[in-house]
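# Results of the structural survey
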There are 2 protein chains.
Amino acid sequence: MSVCVMAGIFQRTVRLRAALRHLCPHSTLTCAARPSPADSPFLACGSGQFVASTRKLHAEPKSSPAAAPERLPFSRVTEEDLAYFRKILPGRTITDPDLVESSNVDWLRTVKGSSEVLLRPQTTEEVSQILRYCNSRNLAVNPQGGNTGLVGGSVPVYDEIILSTSLMNNILTFDNISGILTCQAGCVLENLSLYLEERDFIMPLDLGAKGSCQIGGNVATNAGGLRLLRYGSLHGTVLGLEVVLADGRVLDCLATLRKDNTGYDLKQLFIGSEGTLGVITAVSILCPRKPKSVNVVFLGCETFEQLLKTFQLCRGMLGEILSAFEFLDSECMRLLNTHLKLPNPISDCPFYIVIETSGSDPEHDSQKLHNFLEEAMTSTLVTDGTVATEESKIKALWSMRERVTEALTHDGFTYKYDISLPVERIYQLVTDMRQHLGDRAKSVVGYGHVGDGNLHLNITSPAKDPALLAAIEPFVYEWTAGCQGSISAEHGLGLKKRNYIYYSKPSQAVALMGNIKAMLDPKGILNPYKTLPDNLK
Amino acid sequence: MSVCVMAGIFQRTVRLRAALRHLCPHSTLTCAARPSPADSPFLACGSGQFVASTRKLHAEPKSSPAAAPERLPFSRVTEEDLAYFRKILPGRTITDPDLVESSNVDWLRTVKGSSEVLLRPQTTEEVSQILRYCNSRNLAVNPQGGNTGLVGGSVPVYDEIILSTSLMNNILTFDNISGILTCQAGCVLENLSLYLEERDFIMPLDLGAKGSCQIGGNVATNAGGLRLLRYGSLHGTVLGLEVVLADGRVLDCLATLRKDNTGYDLKQLFIGSEGTLGVITAVSILCPRKPKSVNVVFLGCETFEQLLKTFQLCRGMLGEILSAFEFLDSECMRLLNTHLKLPNPISDCPFYIVIETSGSDPEHDSQKLHNFLEEAMTSTLVTDGTVATEESKIKALWSMRERVTEALTHDGFTYKYDISLPVERIYQLVTDMRQHLGDRAKSVVGYGHVGDGNLHLNITSPAKDPALLAAIEPFVYEWTAGCQGSISAEHGLGLKKRNYIYYSKPSQAVALMGNIKAMLDPKGILNPYKTLPDNLK
């Protein structure tokens, strides 16, 4: 393909509708939009939508590793307990079932608890008082942030007390020399982003759920998202945490230092522990400067091999300005066209790439992008493409990647998998799964973060289909384990995947996790039934 | 200052001697260069050189928090033990005192153990056998990498068995798509760098000791170094670890995945634990692409405030290509001139800055640097400067920063401090210390990693001076704690600083560290007397 064609790509007007990024489902679905208790049946495992059938909790067969185990012998909330909570949290001890309801149900509407109490503390001291009391009374607690998790980790399984961080939403400090932000755990990610952008900084993480998810929950689940390729994981960017332990002790590791080698780095334990080891009440995080120039390119490839070669070329030629390298397959595009009426911005291809660059010099960035595209097209690695530099067009192109989840919900009941693999194996799982399932599935689609080796594999069927599920699992987990992959790249284990942990972690490691849990939360009151497998001693 | 002057800086020939980076002391001092046992007296705390006085171990007064505590009641090595070790490590169980000697003494020659056994395993299984045996026999073990640590963490305090990883030096795998390297713990950092550079990648960390230090030791001490500003800490770049626990169990967390949220991130516990929780036997690490273009600038500033403003300007204008921002003061320059005969490459100034850029396009990088220097000079933030783009000149400029440590050793007995502070407070500690000590100190110098908020404060005197030490400590620690700083930014606590941990960590956190130690190493055989304070229950 000639340079002229490439230049044409640069100038092409993006004809997409202004499908704004904030319209993606994670950020728009609010509690109010959820079904009321009266019309909200549920199921307790797998993924997908509510299935309107019975009111029985956890409809999944008990034999499924994803099903909830028996309720553990925690105390039940009494009137005396409520009186205590009302005393320390006047007006913020919620027991009205209509108000508690939305906190009992997860975003995917696949897990529903039956908690009768929602506590909304404002301070670390209040969280401490709550946990000290619950621990002494042997009351189970479900810590909850924005409740946007996808593995049933953020809602109660039975009658656990819901401890919401939503009212802990103060920004504490921001240092515009170092870029270090400290804030309470309940700050919504998008609000932090807006606050920082006014000060010429950005958050080191970004994800579809940003309009609802909270930084405390992000840290508790070690959220990945779209910027990980560039800014790394939260294990590197989180500099400090304040955590309330199960017995109410406050662990103050809220350092605002880039480097600190005084003893063991305890905060790391809580990053990704899904609220099972402590309740994160404040976060200190290192924020990058806001890039002066952002470009997004949408490209088409004939084969996944060419897509990988494009990735390598891209890393070499875009180097330090590369901030995202995402992909979707033609099946994703079909769902976007069919269910969301989003037209393909380029010609039809088997694979599509979304590349984002972020840099400090618009001219340099354009030049690098130009050189890369020229090379990618003359070497026929990519067959078509379009570029966006304006905010609205950037959002429109991003929506092709970000709205796949939404398109899937319109396609039927969805079985969702979030897999880490050596990058060269990523798409083979989709191909193998398609072949393995034959016409038993409606759609088998692959998309995700190529740059991070992270595949989102989604399989739909017209309705919930236990036979299909049995064909998918444990096939998908065994396939992943065979490549030394991870069965949960960024979503965590929560309730749904806790018992699959052994596919990615040796028993020695899982046993040690159990020891750590027993050390920090001997009564097991914090987010029970989550993360760790049922068969742990 | 005009653009012409700035352009002059670009063209100026660097007149420095070709003072090669690898000539810095950390990388050239080898075991053979150390004094033989017959002429090597020692002291056991503080810092500085050997003091030729008595042969008594740990000459530091027992009252000093840095002094070694009493020997704990571990078993002593018997002939039976040696027979066992010789059986599993034939030819690699070293008991010749002359050969064990260099492993008994730390690089600064301030701590000296009296171990009589040096074990040199080659495999993880051998490490496992050693620890299983030592744990059952209650024999203490000192894990040792390149022995380049600065806080007495890498050598035995009494007769601990030295477990060296030096022969565990195989590269296991390298994936040139993802940039993920796995290798045994004993690989020397510089060897890994050379291996990667041939493949167009680099290690995410670099430090003066690279010619001797080993990746396992780097991870065990959470080494910082010169590239942290750009590539982040090892908590983010280390993707997996294989660790042998105190009882010989092998914990396999050697994942080669960028993302993995299946349970708690156990490997994080061992990063920075200084060999007290387990022996790291293999490492998986994410390596960046080798930059196509590297530039180094050496600048002079009139005030530290201007230096900080230069840092802010630099972050904005160099953005994604900034890879280091280091500083030294005029006292450092005086020592470089006096003791190493290194001439100042620019005119005399109170403060000097070393800026490194690393990028993928030489032209773009030059342009950015040009624009930045123009702005820095027209706004009179910097008063003089010189630029290097060629490898030898780059090394020469870097040596002005890297050889300060060496210059200090020629100035007298050195008290060394490695402090993390909010970046705007960094130099105030040097000024305050100078004023506080008056003429009691020979030199009080400050240099370090401005970009990371990390000050290396060094104080010299003609000889070891307990009165001077009493004037420095606890003043330096109290000052640091007053700013919520860290008393060890990157060096760790080891033997020397273990009892100062409370200046940077609350007792709640230290107690939890003790619980973790007790859980993983109930007999306390791994690197005793290190990291954790003596008064821990």
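Residue numbering note: each chain is counted from 1, following its sequence as written. Both sets of labels track the order of writing: A upward for chains, 1 upward for ligands. The model is predicted, so local features are restricted to residues of pLDDT at least 70 and side-chain atom pairs to those at 80 or more, both for listing and for counting; the totals for chains, interfaces and linings are taken over all residues. Side-chain figures throughout are based on the complete set of non-hydrogen atoms in the structure, without hydrogens or water.

## A short note on the overall build of chain A
The secondary structure content of chain A amounts to 19 helices and 16 strands. Sorting the 537 residues of chain A into buried and exposed places 64% on the buried side. A separation of at least 24 residues holds for 75% of the contacts in chain A among residues at least 6 apart in sequence. Computed with a 1.4 Å probe, the accessible areas rest on the Shrake-Rupley method; for each residue, only the protein chains presented here act as cover. Accessible surface computed for chain A: about 17900 Å², of which carbon and sulfur atoms make up 52%. Numbering of helices and strands runs from the N terminus, with a helix taken as a DSSP run of H or I at least four residues long and a strand as a DSSP run of E at least two residues long. Think of it in three bands: residues with accessible area under 20% of the maximum for their type are buried, residues over 50% are exposed, and the middle band is partly exposed, with areas taken using a 1.4 Å probe on protein chains only. The criterion used for residue contact is that any of the two residues' heavy atoms lie within 4.5 Å.

## What to know about the interface of chain B and chain A
Between chain B and chain A, the contact holds 89 residues from the first and 89 residues from the second. Buried area counts how much accessible surface, traced with a 1.4 Å probe, disappears from two parts once they are put together, with both parts' losses summed. Area buried by chain B at its contact with chain A is led by K259, N261 and Y264 of chain B, which between them contribute 15% of it. When the shortest N-O distance is used, the salt bridge between E490 of chain B and K259 of chain A registers 2.8 Å. Residues adjacent in sequence count toward polar contacts only when both atoms are side-chain atoms; beyond that, a polar contact is any pair of N or O atoms within 3.5 Å, and within protein one must be able to donate a hydrogen and the other to accept it. Inspection of the region where chain B meets chain A yields 46 residue pairs in polar contact (both at pLDDT 80 or more). For the side of chain B that touches chain A, the elements supplying multiple residues, two or more each, are α8 (228-231), α9 (234-237), β8 (250-253), α10 (267-270), α11 (304-318), α13 (362-378) and α19 (507-520) of chain B. Salt bridges are defined as contacts in which a side-chain nitrogen from Lys or Arg sits within 4 Å of a carboxyl oxygen from Asp or Glu.

## Overview of the confidence of the model for chain A
Residue and element names in this part refer to chain A. Per-residue confidence for chain A gives a mean pLDDT of 89, with 88% of residues at or over 70. A score from 0 to 100, pLDDT tells how confident the predictor is in each residue. For residues 1-59, every residue scores under 50 in pLDDT, and the model assigns this stretch 150 contacts once sequence neighbours within four places are set aside. Among the prediction metrics, the complex's ipTM stands at 0.89, with pTM recorded as 0.90.

## A look at unusual backbone geometry
Cis geometry is found at the peptide bond from E473 of chain A to P474 of chain A, where omega equals 5°. Here P474 of chain A shows up in the loop between α17 (466-472) and α18 (475-482). The backbone of D200 of chain B shows a phi angle near 70°, a positive value even though the residue is not glycine. Checked against the element boundaries, D200 of chain B lands in the loop between α6 (189-198) and α7 (215-220). A positive phi angle, close to 50°, is found at N222 of chain B, a residue other than glycine. Tracing the backbone shows N222 of chain B in the loop between α7 and α8.

## So, the UniProt feature "domain: FAD-binding PCMH-type" (unreviewed entry) in chain A
UniProt positions are given in the numbering used here, feature names are shortened, and annotations may be inferred rather than shown by experiment. Under the UniProt annotation, the feature "domain: FAD-binding PCMH-type" (unreviewed entry) is placed at residues 111-290 of chain A. With 23% helix and 22% strand, residues 111-290 of chain A has its two end C-alpha atoms placed 38 Å apart.

## Remarks on the sheet that holds strand β1 (residues 93-94) of chain A
All names here are of chain A. Think of it this way: DSSP has to see at least two bridges between two strands before they count as a pair. A sheet is described by the order of its strands in space; here four strands give the open sequence β1-β2-β4-β3, paired in mixed fashion. Each end of this open sheet is capped by a strand with a single partner; those strands are β1 and β3 (141-144). Summarising the sheet, strand β2 (residues 118-119) and strand β4 (residues 161-164) pair through two bridges and their orientation is parallel. Bridge pairing in β4 places L118 opposite I162. The convention used is that axes are lines fitted to C-alpha atoms, helices contributing only their stretch in contact, and that angles between N-to-C directions extend from 0 to 180 degrees. Packing against the sheet, helix α5 (residues 124-137) makes contact with β2, β3 and β4, and its axis sits at approximately 165° to β4.

## Details of the pairing of strand β9 (residues 279-286) of chain B
Residues and elements named next belong to chain B. β9 sits mainly inside the fold: eight of its eight residues count as buried. Where strand β6 (residues 180-184) lies against β9, five bridges are found, and the strand directions are antiparallel. Along β9, the bridge assignment pairs I180 with L286.

## So, the nonpolar core
By nonpolar core is meant a set of buried Ala, Val, Leu, Ile, Met, Phe, Trp, Tyr and Cys residues that side-chain atoms within 4.5 Å join together. I459 of chain A together with I459 of chain B are the most contacted members of the largest nonpolar core, which totals 200 residues. Setting aside chain neighbours within four positions, we find I459 of chain A in contact with F413, T414, Y415, Y417, M433, L437, A441, S443, V444, L468 and I472 of chain A.

## A look at the sheet that holds strand β1 (residues 93-94) of chain B
Residue and element names in this part refer to chain B. In spatial order, the strands read β1-β2-β4-β3; together these four strands make up an open sheet with mixed pairing. On the outer flanks of this sheet lie β1 and β3 (141-144), each paired with one strand and no other. The sheet strands contacting helix α5 (residues 124-137) are β2 (118-119), β3 and β4 (161-164), and the helix crosses β4 at an angle near 160°.

## So, helix α12 (residues 330-340) of chain B
Residues and elements named next belong to chain B. Buried residues of α12: C332, M333, L335, L336 and L340, and no others. One face of α12 carries all of its buried residues, which in axial projection span an arc of 160°. Buried residues along α12 sit against β10 (293-301), β11 (322-329), β12 (351-359), α14 (391-402), α15 (404-409) and β15 (443-449). Following α12 by one or two positions, K341 adopts a phi angle in the positive range, close to 55°. Think of the arc as the fan of directions from the helix axis to the C-beta atoms.

## Concerning the packing of aromatic side chains
All names here are of chain A. Whether two aromatic rings pair depends on their centres lying within 6.5 Å, for rings of Phe, Tyr and Trp, where Trp uses its six-membered ring; planes under 30 degrees apart make the pair stacked, over 60 edge-to-face, and the rest tilted. Here the structure, examined in full by the defined rule, presents 36 aromatic pairs over all chains. Judged by centre distance (5.3 Å) and plane angle (20°), the ring pair of F304 and Y427 falls under stacked. Placement of the pair is F304 in helix α11 (residues 304-318) and Y427 in helix α16 (residues 426-437), with a sequence separation of 123 residues. Here the aromatic residues F304, F327, F351 and Y427 are joined through ring pairs into a cluster of three or more. One Lys or Arg, R199, reaches over the ring of Y195 and ends 3.7 Å from the middle of that ring. Look at NZ for Lys and CZ for Arg. If either is within 6 Å of the ring centre and within 35 degrees of the ring normal, a charge sits over the ring.

## What about the packing of helix α13 (residues 362-378) of chain A against α13 of chain B?
To describe two helices that pack against each other, one gives the angle between their axes and the distance between the axes. Put simply, α13 of chain A and α13 of chain B touch, their axes get as near as 11 Å, and they point 180° apart. Between α13 of chain A and α13 of chain B, the interaxial angle falls into the category roughly antiparallel. Here H364, Q367 and K368 of chain A of α13 of chain A lie close against α13 of chain B, whose contacting residues are H364, Q367 and K368 of chain B. Throughout this entry, Asp, Glu, Lys and Arg are counted as charged residues, while Ala, Val, Leu, Ile, Met, Phe, Trp, Tyr, Cys and Pro are counted as nonpolar. The remaining residues, Gly among them, count as polar. When the residues that make up the contact of α13 of chain A with α13 of chain B are grouped by side-chain class, the tally is no nonpolar, four polar and two charged. Oblique is the label for every angle not falling under 35 degrees (roughly parallel), over 145 degrees (roughly antiparallel), or within 65 to 115 degrees (roughly perpendicular).

## Topic: the relation of the copies chain B and chain A
Least-squares fitting of chain B to chain A yields an RMSD of 0.0 Å, with the superposition described by an axial translation of 0.0 Å and a rotation of 180°. Both copies of the chain, as the preceding transformation shows, are related through a two-fold rotation axis. Within chain B, G236 of chain B has its C-alpha nearest the rotation axis, a separation of 2.1 Å. Comparing contact sets, 100% of the residues at the interface of chain B also lie at the interface in chain A, consistent with an isologous, same-surface contact. Alignment of copies: least-squares fit on C-alpha atoms of residues with pLDDT of at least 70 in both copies.

## Some remarks on the pattern of salt bridges
On inspection of all chains with the given rule, the structure shows 45 salt bridges over all chains. For D265 of chain B, the salt bridge identified is with K267 of chain B, shortest N-O distance 3.0 Å. In this structure, D265 of chain B and K267 of chain B share a single accessibility class: buried. A salt bridge links E390 of chain B to K393 of chain B; its shortest N-O distance comes to 3.8 Å. Assessed through its relative accessible area of 45%, E390 of chain B is described here as partly exposed. Classification of K393 of chain B by relative accessible area gives partly exposed; the value is 24%. Counted as one network, the salt bridges with shared partners bring together R71, R76 and D159 of chain A.

## A closer look at the environment of T460 of chain B
Residue and element names in this part refer to chain B. Take T460: it is sitting in strand β16 (residues 454-461). Counting along the chain gives 104 residues from T460 to E356, while the straight-line C-alpha distance between them is 29 Å. Ignoring sequence-local partners within four residues, the contact set of T460 consists of L408, D411, F413, T414, A441, K442, S443 and L468.

## A word on the packing of helix α19 (residues 507-520) of chain A against α19 of chain B
One way to put it is that α19 of chain A packs onto α19 of chain B with a least axis distance of 11 Å and a crossing angle of 140°. The orientation of α19 of chain A with respect to α19 of chain B, classified from their angle, is oblique. At the point where α19 of chain A passes α19 of chain B, the crossing takes the right-handed sense. Here α19 of chain A contributes L512, N515, I516, M519 and L520 of chain A to the contact with α19 of chain B, which in turn contributes L512, N515, I516, M519 and L520 of chain B. Taken together, the residues that form the contact of α19 of chain A with α19 of chain B break down as eight nonpolar, two polar and no charged. Here a crossing is taken to be left-handed if its near helix is turned anticlockwise relative to the far helix by less than a right angle, and right-handed if that turn runs clockwise.

## A short note on the pairing of β10 of chain B
All names here are of chain B. Buried residues dominate β10, accounting for eight of its nine residues. The pairing of β10 with β12 spans nine bridges and is antiparallel. Each bridged residue has a counterpart across the sheet, and for F298 the counterpart in β12 is V354. With five bridges connecting them, β10 and strand β13 (residues 384-388) associate as antiparallel partners.

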